Amino acid sequence: ACCRAGGTGIATAGGGGGSRPVWCYDAGDGLHVDIRAQPDFGAARTGHVLLPGEEFRVEREHRGEDGVLFLKLVDRRGWVFESKPGVGTMCQRIR
């Protein structure tokens, strides 16, 4: 289950996001995910990551050509993806 007790809380660096949707990253493998500069798996990595159980607010969603939903973090760190083909669910909307 995503964002169980002990999660890291909502990322707020560079912006709060107030009423924006809250998502949680947890691919189930205990590993971080690299945040991308653009809504594309092949895009440059920004040097920022999300850790398992980390909650974050989303300012924009973009559905890629392959059907994957990309999520733009409200704190301007970049983009992550809701799922990854061949891997499965990476992020879940929690509120």
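Please refer to the structure higher up on the page.
Residues numbered from 1 in each chain as written. Predicted model: local features only at pLDDT ≥ 70, side-chain atom pairs only at ≥ 80, totals over all residues. Heavy atoms only, no water.

A. Quick peek at the overall build of the protein. When helices and strands are counted, the protein shows zero helices and nine strands. When its helices and strands are written in sequence order, the protein yields β-β-β-β-β-β-β-β-β. Relative to its full complement of 95 residues, the protein shows a buried share of 38%. Long-range pairs, those at least 24 residues apart, make up 56% of the contacts in the protein between residues at least 6 apart in sequence. Carbon and sulfur atoms form 46% of the exposed surface of the protein, whose accessible area is close to 5200 Å². (Helix = DSSP H or I, 4+ residues; strand = E, 2+ residues; numbered from the N terminus. Buried < 20%, exposed > 50% of the residue type's maximum accessible area, 1.4 Å probe, protein only. Contact = heavy atoms within 4.5 Å. Areas by Shrake-Rupley, 256 points an atom, 1.4 Å probe, with all protein chains shown as cover.)

B. Broad picture of the nonpolar core. Counting residues in each nonpolar core, the largest one holds 17 residues, and the members touching the most others are Leu50, Phe56, Leu71, Val80 and Cys91. Residues within four places of Leu71 in sequence aside, it is in contact with Trp23, Phe56, Val58, Arg60, Glu61, Gly78, Trp79, Val80, Glu82 and Cys91. (Core = buried A, V, L, I, M, F, W, Y, C linked by side-chain atoms within 4.5 Å.)

C. Layout of the environment of Gln38. Its place among the elements puts Gln38 in the loop between β2 (33–36) and β3 (45–50). On the basis of relative accessibility, which here comes to 49%, the residue Gln38 falls in the partly exposed class. Note: C-alpha distance between Gln38 and Val80 (42 residues apart in sequence) is 8.8 Å. Apart from residues no more than four positions distant in its own chain, Gln38 is found in contact with Ala43 and Trp79.

D. Inspection of the packing of aromatic side chains at higher detail. In the structure shown here, the tally under the stated rule is three aromatic pairs. An angle of 65° between the planes, with centres 4.7 Å apart, marks the rings of Phe41 and Phe81 as edge-to-face. Pair noted here: Phe41 is in the loop between β2 and β3 and Phe81 is in strand β6 (residues 79–81), with a separation of 40 residues, a long-range link. By way of ring pairs, the aromatic residues Phe41, Phe70 and Phe81 are connected into one cluster. (Phe/Tyr/Trp six-rings, centres within 6.5 Å; stacked < 30°, edge-to-face > 60°.)

E. Examining unusual backbone geometry more closely. At Arg76, a position not held by glycine, the phi torsion is positive, near 70°. Tracing the sequence through the fold places Arg76 in the loop between β5 (69–73) and β6.

F. Layout of the pairing of strand β4 (residues 55–63). The sheet contact formed by strand β1 (residues 22–25) and β4 spans three bridges and is antiparallel. Residue pairing for β4: Val22 is matched across the bridge by Arg57. Looking at chain direction, β4 and β5 are connected through five bridges and run antiparallel. Its bridge partner being in β5, Arg60 is matched across the sheet by Lys72. Counting the residues that bridge the hairpin from β4 to β5 gives five residues, and of these Gly67 lies at a positive phi of roughly 90°. (Pairing = 2+ DSSP bridges.)

Nothing here speaks to function; it is all geometry.
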